[in-house]
Amino acid sequence: MSAPLVSVIVRSTARPTLDAALAAIAAQTHPAIEAIVVAASGGSHPVPPPRAGAHPLRFVPSPRPLSRPAAANAGLDAARGAWITFLDDDDAIDPTHVAGLVAATTRTPCRAIASLARVRMADGSTQPWGQPFALSELYVRNFLHLSTVLFARELVAAGCRFDEAFDIMQDWDFFLQIAQHGPFHSTGLRTFEWHADVGSSGAGGVANEDP
């Protein structure tokens, strides 16, 4: 059987860390990946290379800066893969990250797969983050990171999108939309590395947290 195409969406503000994020996509062992770079910073974003290693890369330009949910929706509109996931341009994934998530789709009828995360702090230390899926707890708090979730393209066709009226918590709202179509399957893998306090998005922790 041929491997399903996976779209990896990167919302980019042209930070220096973008090259490392694209290198992480290039290193993925899953053979069928398309990288999608959305110019969240607007028209000043430089055009990225046409490939991330062996994987094709498509650029989604924008004449104006995009909010996080608007950039996410632009990525969803551009995605061609049967499965979709995200990678922020200041985070990292292990080479087996996408392959591990895709492998779980063959063992369950679920249309959303979730792994766990490890948080790398500015001092180089790491700590675990996340938990197995529980719908009742998802209604109380968000314990999923967008880059740990692989979801079927058909969920987008069913209307699951990022609410652009939200300045924060768009990911949580998106997960709750997905959950209306069925449960997430948890893999237990920790192949995503969240640089929670060293980025500049304001959505992380410690020095990167915007109250």
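Everything below is about the structure shown above.
The structure reproduced in this document is the subject of the present report. A quick note: this is a predicted structure, and the numbers were derived from the prediction, not measured. (Residues numbered from 1 in each chain as written. Predicted model: local features only at pLDDT ≥ 70, side-chain atom pairs only at ≥ 80, totals over all residues. Heavy atoms only, no water.)

## Things to note about the overall build of the chain
Item 1. In terms of regular secondary structure, the chain is built from 6 helices and 12 strands.
Item 2. Rg of the C-alpha trace for the chain: 16 Å, near the compact-globule value of 17 Å for 211 residues, within the 12% margin.
Item 3. Along the longest, intermediate and shortest principal axes, the C-alpha atoms of the chain span 45 × 40 × 35 Å.
Item 4. Sorting the 211 residues of the chain into buried and exposed places 52% on the buried side.
Item 5. Of the contacts formed within the chain by residues at least 6 apart in sequence, a portion of 71% connects residues at least 24 apart.
Item 6. Entry remark: accessible area of the chain is about 9500 Å², with carbon and sulfur atoms responsible for 57%. (Helix = DSSP H or I, 4+ residues; strand = E, 2+ residues; numbered from the N terminus. Rg over C-alpha atoms; globule rule 2.2 N^0.38 Å. Buried < 20%, exposed > 50% of the residue type's maximum accessible area, 1.4 Å probe, protein only. Contact = heavy atoms within 4.5 Å. Areas by Shrake-Rupley, 256 points an atom, 1.4 Å probe, with all protein chains shown as cover.)

## Let's talk about the sheet that holds strand β8 (residues 117-120)
Item 1. With mixed pairing, the 4 strands of this open sheet are ordered in space as β6-β12-β8-β9. Because the sheet does not close on itself, it has two edges, and the strands there are β6 (92-93) and β9 (126-129).
Item 2. As paired strands, β6 and strand β12 (residues 192-194) are joined by 2 bridges and run antiparallel to one another. Its bridge partner lying in β12, alanine 92 is registered against glutamate 193. (Pairing = 2+ DSSP bridges.)

## Quick notes on the environment of serine 62
Item 1. Mapped onto the elements of the fold, serine 62 is located in the loop between β4 (55-60) and α2 (68-78).
Item 2. Sequence spacing of serine 62 and alanine 52 is 10 residues, and the spatial spacing of their C-alpha atoms is 21 Å.
Item 3. Setting aside residues no more than four positions away along its own chain, serine 62 makes contact with Ala39, Gly42 and Gly43.
Item 4. Engagement of the side chain of serine 62 in a polar contact is seen with the backbone oxygen of arginine 64, the distance being 2.6 Å. (Polar contact = N/O pair within 3.5 Å; in protein donor to acceptor, adjacent residues only side chain to side chain.)

## A short note on the pairing of strand β2 (residues 33-39)
Item 1. Within β2, 7 of the 7 residues are buried, which leaves it mostly tucked inside the rest of the structure.
Item 2. Residues Ile33, Ala35, Val37 and Ala39 point to one face of β2 and Glu34, Ile36 and Val38 to the other, with burial holding for every one of them.
Item 3. Where strand β1 (residues 6-12) and β2 come together, 7 bridges link them in parallel fashion. Residue arginine 11 lies in a different strand from β2, and its bridge partner there is valine 38.
Item 4. The handedness of the β1 to β2 crossover, carried by helix α1 (residues 18-26), is right-handed.
Item 5. Note: β2 against β4, 4 bridges, orientation parallel. Note on β4: the bridge partner recorded for valine 38 is valine 60. (Right-handed = clockwise from strand over helix to strand, strands pointing away.)

## Here's the deal with the environment of histidine 45
Item 1. Along the polypeptide, histidine 45 turns up in the loop between β2 and β3 (51-52).
Item 2. Considered as a pair, histidine 45 and threonine 13 are 32 residues apart in the sequence and their alpha carbons are 7.0 Å apart.
Item 3. If we skip the residues at most four places from it in the chain, histidine 45 touches Ser12, Thr13, Ala14, Leu18, Val37, Ala39 and Phe59.

## Considerations on the sheet that holds β2
Item 1. The strand order across the open sheet built from 8 strands is β3-β4-β2-β1-β5-β10-β7-β11, with neighbouring strands paired in mixed fashion. Only two strands of the sheet have a single partner each, and these edge strands are β3 and β11 (185-186).
Item 2. Judged from the 3 bridges that link them, strand β7 (residues 112-114) and strand β10 (residues 149-152) form a sheet pairing that is antiparallel. Its bridge partner being in β10, alanine 112 is matched across the sheet by phenylalanine 151.
Item 3. Lying over the sheet, α1 contacts β1, β2, β3 and β4, oriented at roughly 175° with respect to β1.
Item 4. Across the face of the sheet, α2 comes into contact with β1, β2, β4, β5 (83-86) and β10 while running at roughly 140° to β2. (Axes fitted to C-alpha atoms, helices over the stretch in contact; angles between N-to-C directions.)

## Things to note about the pattern of salt bridges
Item 1. Under the criterion given, the structure shown has 11 salt bridges.
Item 2. Among the ionic pairs, aspartate 94 bridges to arginine 118, the shortest N-O distance being 2.7 Å. Within this pair, whereas aspartate 94 is found in the loop between β6 and α3 (97-105), its partner arginine 118 is found in strand β8, the two being separated by 24 residues in sequence.
Item 3. Under the relative-accessibility criterion, aspartate 94 is labelled partly exposed at 22%.
Item 4. Each of Asp94, Arg118, Arg120 and Glu193 takes part in salt bridges that share partners, so that together they form one network. (Salt bridge = Lys/Arg side-chain N within 4 Å of Asp/Glu carboxyl O.)

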